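# Structural features, examined
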Number of protein chains: 2
Amino acid sequence: MSNVLVIGASGQIGKQATQKLLNAGHNVTALLRNKDKISDITHSALSVYEQDLEDDFSAAFEGCDSVVFCAGSGGNTGPEKTLLIDLWAARNAVEYAREANIQQFVMVSSVGSDDPDAIDSPIKPYLVAKHMADEHLRNSGLNYTILRPGSLTDEPGTEYVQELVPSNDEARTIPREDVATAIMYSVDNPKAYNRIYGLFTGDQPLKAVIQ
Amino acid sequence: MSNVLVIGASGQIGKQATQKLLNAGHNVTALLRNKDKISDITHSALSVYEQDLEDDFSAAFEGCDSVVFCAGSGGNTGPEKTLLIDLWAARNAVEYAREANIQQFVMVSSVGSDDPDAIDSPIKPYLVAKHMADEHLRNSGLNYTILRPGSLTDEPGTEYVQELVPSNDEARTIPREDVATAIMYSVDNPKAYNRIYGLFTGDQPLKAVIQ
C-alpha cells in the first residue's frame, strides 16, 4: 500500500478514485481548491490539501509514492482554463513529481488525444492540451500510466471494458466509476508502468486488462 | 542561399521576414491562408502556398531547407486559436519538418515563454502554448533557433539589441522589423543552430549577436 496524491480529488472522477483508493488500503492526499467539496468523505487515511492549481502546488508531493492527475476532467471549461489547468498544471505536476522522486504518475487523459487531427470536433483544442500534457509525461522519465477513457457517463461502473478500439471513436462510452476503478487498479502496479489504456465499456474484465 | 518556408508570411513579422529573406538572395515559399495579403510583394524567387494551418500543410515543406514559424504572432487571438495555431500548428510544423528532413527550424517565440509561472499576466495562457511548442521543437532532433522577442512595436528597426536581459522582463520592447532581421540572420546560419535568443532593443549589433 502506498501514499497516493490525487490531484483534482473533488471532481467527478477524482472523488470516486479517492474513495476506491482509500477502500483498497492506500493513504490518500486529496489536492483540491475547496475542501468543503470533499467533506462527505471521512477516513483516517485521508489528508486534504487545499491549493489552487494555478499556483505552486509542489508541497503536496512530499512523502507521496504515486500521483494521480484527474483535474480538469472535461472539454467544457473554456480554452483558457484548458491551457492553464489541463495543460500547464498537468505539466507542472509532472515536474513536481520528478523533483519529488515519485514512483508512478497516473494521468487521466481522453480518447482522441493521441491524434487530435483525426477528430473534427469542437473539443479539438482540449485534445491538443491533453496530447501535449501526455507527451510531456512520456518524455519525463517517470513511470507513467495514461488512461484514455471514451465519452464519460454517470452510469454505475460495470468493470468490463473493450481493448483494441480505434482511439478516435468518440461514440464509445465508459462510466466515470470505471475510470476511477481503473485508477485504483493502476496505482502501485508495475504492470501498468509505461502503458496507455483506452477505456471503453466492453466484455473484458477491467481488472485483468490492467493487472 | 537556401529554400526557406515562411509559415505565417502575411503577418506583421512574417511579411517583413519574407522581404528580407528575398533581398538576401533566398528562395522563399510563403505559406498563408489568403494570398491576397502578400500581393504587394512581387519577386521571382517568391512562391506562394495557400493553406489553412488547421488543416494538413505538410506539402508546403517539399524541397525546403529551412523553416520559419511566425504564425499566430500575438496573445490577442483568443485562447482557442492559441491552442490550435500557436501550439498545435507549431507542433505539426515541427513534425512535418522532421519528415521532410529540414535542415533548420526557426521559431518565433516570446519573452516569458521559458517560465510562464514567472509572469502574472493575462497572456499567461499564450506563454504556456509557446513554451510547449518550443519544448516540442527542442526535443525534435531538428536544428532549432528560437527567438524570444520582448513586447513588439511598429517602430523602424535599429539592428541593435541587448543580451543577458531577464527573460521575464515584459517592459522591454523590440521593433517587429528587428525580429524579421533576426530571422534573416538566423536562416542558413549554423552558428544559430540550437540557440535561444532573447530580443530586446539595446546597444549590441544584432548581426554580431547572431552571426
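Residues numbered from 1 in each chain as written. Chains lettered and ligands numbered in written order. Predicted model: local features only at pLDDT ≥ 70, side-chain atom pairs only at ≥ 80, totals over all residues. Heavy atoms only, no water.

The name recorded for chain A in an unreviewed UniProt entry is SDR family oxidoreductase, from Salinimonas sediminis.

## Observations regarding the overall build of chain A
Which entries qualify depends on this criterion: Labels follow the DSSP assignment, with helices taken as runs of H or I lasting at least four residues and strands as runs of E lasting at least two, numbered in each case from the N terminus. We compute the radius of gyration over the C-alpha atoms and compare it with the globule rule, which gives 2.2 Å times the number of residues raised to the power 0.38. With a 1.4 Å probe rolled over the protein chains alone, any residue whose accessible area is under 20% of its type maximum counts as buried; one over 50% counts as exposed, and the rest are partly exposed. Only heavy atoms matter for contacts: two residues are in contact if any of them lie within 4.5 Å across the pair. Counting rule for charge: Lys and Arg are taken as positive, Asp and Glu as negative, and neither His nor the chain ends is counted. We put the charge of a Lys on NZ, of an Arg on CZ, of an Asp on CG and of a Glu on CD.
Per the secondary structure count, chain A includes five helices and 11 strands. A compact globule built from 211 residues should have a C-alpha radius of gyration of about 17 Å, and chain A, at 16 Å, falls within 12% of that. C-alpha extents for chain A along the principal axes are approximately 40 × 35 × 35 Å. Counting every position in chain A, which comprises 211 residues, the buried fraction comes to 54%. Sequence separation of at least 24 residues holds for 67% of the intrachain contacts in chain A that already meet a minimum separation of 6. For chain A, the centre of its 17 positive side-chain charges and the centre of its 29 negative side-chain charges are spaced 2 Å apart.

## Here we look at helix 1 (residues 12-23) of chain B
All names here are of chain B. Operational definition: To estimate the expected span of a helix, subtract one from its residue number and multiply by 1.5 Å.
In this model helix 1 runs 17 Å from its N-terminal to its C-terminal C-alpha over 12 residues, within 8% of the 16 Å that 1.5 Å per residue would give. Along helix 1, the residues classified as buried are I13, G14, A17, T18, K20, L21 and L22. For helix 1, the elements touching its buried residues are strand 1 (3-7), strand 2 (27-32), strand 3 (46-50), strand 5 (104-108), strand 7 (151-153) and helix 4 (176-186). One or two residues past the end of helix 1 sits G25, with phi positive at roughly 105 degrees.

## Here's the deal with empty space enclosed by the protein
Put simply, the rule is: Of the two site types, the cavity is a set of points on a 1 Å grid over the protein atoms alone where a 1.4 Å probe fits but cannot get out, and the pocket is an open set with protein on both sides within 12 Å along at least five of seven lines, each lined by residues with an atom within 4 Å of a point. Grid points are joined across faces, edges and corners, and a volume is the space filled by probe spheres set on the points. Gly falls in the polar group here, along with every residue not listed as nonpolar (Ala, Val, Leu, Ile, Met, Phe, Trp, Tyr, Cys, Pro) or charged (Asp, Glu, Lys, Arg).
Tallied over the full model, the rule gives one cavity of 30 Å³ or more. There is about 30 Å³ of room inside the largest cavity. Forming the walls of the largest cavity are M132, E135 and H136 of chain A together with M132, E135 and H136 of chain B. Per-class residue counts for the lining of the largest cavity are two nonpolar, two polar and two charged.

## What to know about the nonpolar core
This is how the line gets drawn: Grouping buried Ala, Val, Leu, Ile, Met, Phe, Trp, Tyr and Cys residues that are joined through side-chain atoms within 4.5 Å yields what is termed a nonpolar core.
Counting residues in each nonpolar core, the largest one holds 66 residues, and the members touching the most others are I7, F61 and F105 of chain A together with I7, F61 and F105 of chain B. When near neighbours in sequence (up to four residues on either side) are disregarded, F61 of chain A contacts L5, I7, V67, A93, Y96, A97, A100 and I102 of chain A. Within the second largest apolar cluster, 34 residues are counted, among which are L22, A30, L46 and V106 of chain A.

## What about the sheet that holds strand 4 (residues 66-69) of chain B?
All names here are of chain B. To keep it simple, the criterion reads: Any two strands with at least two DSSP bridges between them are considered paired. Axis angles are defined between N-to-C directions and span 0 to 180 degrees, where every axis is a line fitted to C-alpha atoms and, for a helix, only to the segment in contact.
Ordered by their spatial adjacency, seven strands build an open sheet running 3-2-1-4-5-6-10, and the pairing between neighbours is parallel. Looking at strand neighbours, the two that pair on one side only are strand 3 and strand 10 (195-199), the edges of this open sheet. Here the strands of the sheet are splayed against their neighbours by 15 degrees on average, with no regard to which way each runs. Where strand 1 lies against strand 2, five bridges are found, and the strand directions are parallel. Opposite N3, over in strand 2, you have N27 as the bridge partner. Taken strand by strand, helix 3 (residues 124-138) contacts strand 5, strand 6 (144-149) and strand 10, and its axis lies near 160 degrees from that of strand 6. Sheet strands in contact with helix 4 are strand 4, strand 5, strand 6 and strand 10, and its direction is about 165 degrees off that of strand 6.

## Structural notes on the relation of the copies chain A and chain B
Stated formally: For the least-squares superposition of copies, only C-alpha atoms count, and only for residues with pLDDT at least 70 in both.
Rotating chain A by 180 degrees and moving it 0.0 Å along the rotation axis overlays it on chain B with an RMSD of 0.0 Å. Seen this way, the second copy is the image of the first under a two-fold rotation axis. For chain A, the smallest separation between a C-alpha atom and the rotation axis is recorded for P79 of chain A, amounting to 2.7 Å. When the interface residues of chain A are mapped onto chain B, 100% of them again lie at the interface, so the same face is used by both copies.

## A short note on the packing of helix 1 (residues 12-23) of chain A against helix 4 (residues 176-186) of chain A
All names here are of chain A. The condition is simple: Each angle gets one of four labels, with under 35 degrees taken as roughly parallel, over 145 as roughly antiparallel, 65 to 115 as roughly perpendicular, and the rest as oblique. Whether a crossing is left-handed or right-handed is set by the direction in which the near helix is turned from the far one by less than a right angle, anticlockwise for left-handed and clockwise for right-handed.
Put simply, helix 1 and helix 4 touch, their axes get as near as 8 Å, and they point 45 degrees apart. Overall, the two elements helix 1 and helix 4 adopt an arrangement that is oblique. When the axes of helix 1 and helix 4 are compared, the crossing they make is right-handed. Facing helix 1, whose interface residues are Q12, I13, Q16, A17, K20 and L21, helix 4 presents R176, E177, V179, A180, T181, I183 and M184. When its residues are assigned to classes, the contact of helix 1 with helix 4 shows seven nonpolar, three polar and three charged.

## With respect to the interface of chain A and chain B
To keep things clear, this is the line we draw: Buried area is a sum: the accessible area each of two parts loses on coming together, probed at 1.4 Å, counted once for each and added. Basic side-chain nitrogens of Lys or Arg form a salt bridge, by our definition, when they fall within 4 Å of a carboxyl oxygen of Asp or Glu. Any pair of N or O atoms that falls within 3.5 Å is considered a polar contact. Within protein, one atom must be able to donate a hydrogen and the other to accept it, and sequence-neighbouring residues count only if both atoms are side-chain atoms.
Across the contact, 21 residues belong to chain A and 21 residues belong to chain B. Here chain A and chain B share an interface that buries about 1900 Å² over both sides, 71% of which is from carbon and sulfur atoms. Ranking the residues of chain A by area buried against chain B places L83, W88 and M132 of chain A at the top, with a combined share of 32%. At the junction of chain A and chain B, the tally comes to zero salt bridges. At the boundary of chain A with chain B, the tally comes to six residue pairs in polar contact (both at pLDDT 80 or more).

## A closer look at the environment of E50 of chain A
Residues and elements named next belong to chain A. Of note, E50 is situated in strand 3 (residues 46-50). C-alpha of E50 to C-alpha of K35: the two residues are 15 residues apart in sequence and 6.2 Å apart in space. When sequence neighbours within four positions are dropped, the list of residues in contact with E50 reads L32, R33, N34 and K35. Reaching out from E50, the side chain makes a polar contact with the backbone nitrogen of K35 at a distance of 2.9 Å.

## Considerations on unusual backbone geometry
Residues and elements named next belong to chain B. The backbone of E159 shows a phi angle near 60 degrees, a positive value even though the residue is not glycine. Inspection of the secondary structure puts E159 in the loop between strand 7 and strand 8 (160-161). By relative accessible area, which is 32% here, E159 ends up partly exposed.

## Comments concerning the sheet that holds strand 10 (residues 195-199) of chain A
Residues and elements named next belong to chain A. Pairing in this open sheet of seven strands is parallel, and the strands run 3-2-1-4-5-6-10 from one edge to the other. The open sheet is flanked by strand 3 and strand 10, the only strands paired with a single partner. Sheet twist, expressed as the mean angle between neighbouring strand axes with direction ignored, is 15 degrees. Bridge count for strand 4 (residues 66-69) against strand 5 (residues 104-108) is four bridges, and the pairing is parallel. Along strand 5, the bridge assignment pairs F69 with M107. In the packing of helix 4 onto the sheet, the strands contacted are strand 4, strand 5, strand 6 (144-149) and strand 10, and the crossing angle to strand 6 comes to about 165 degrees.

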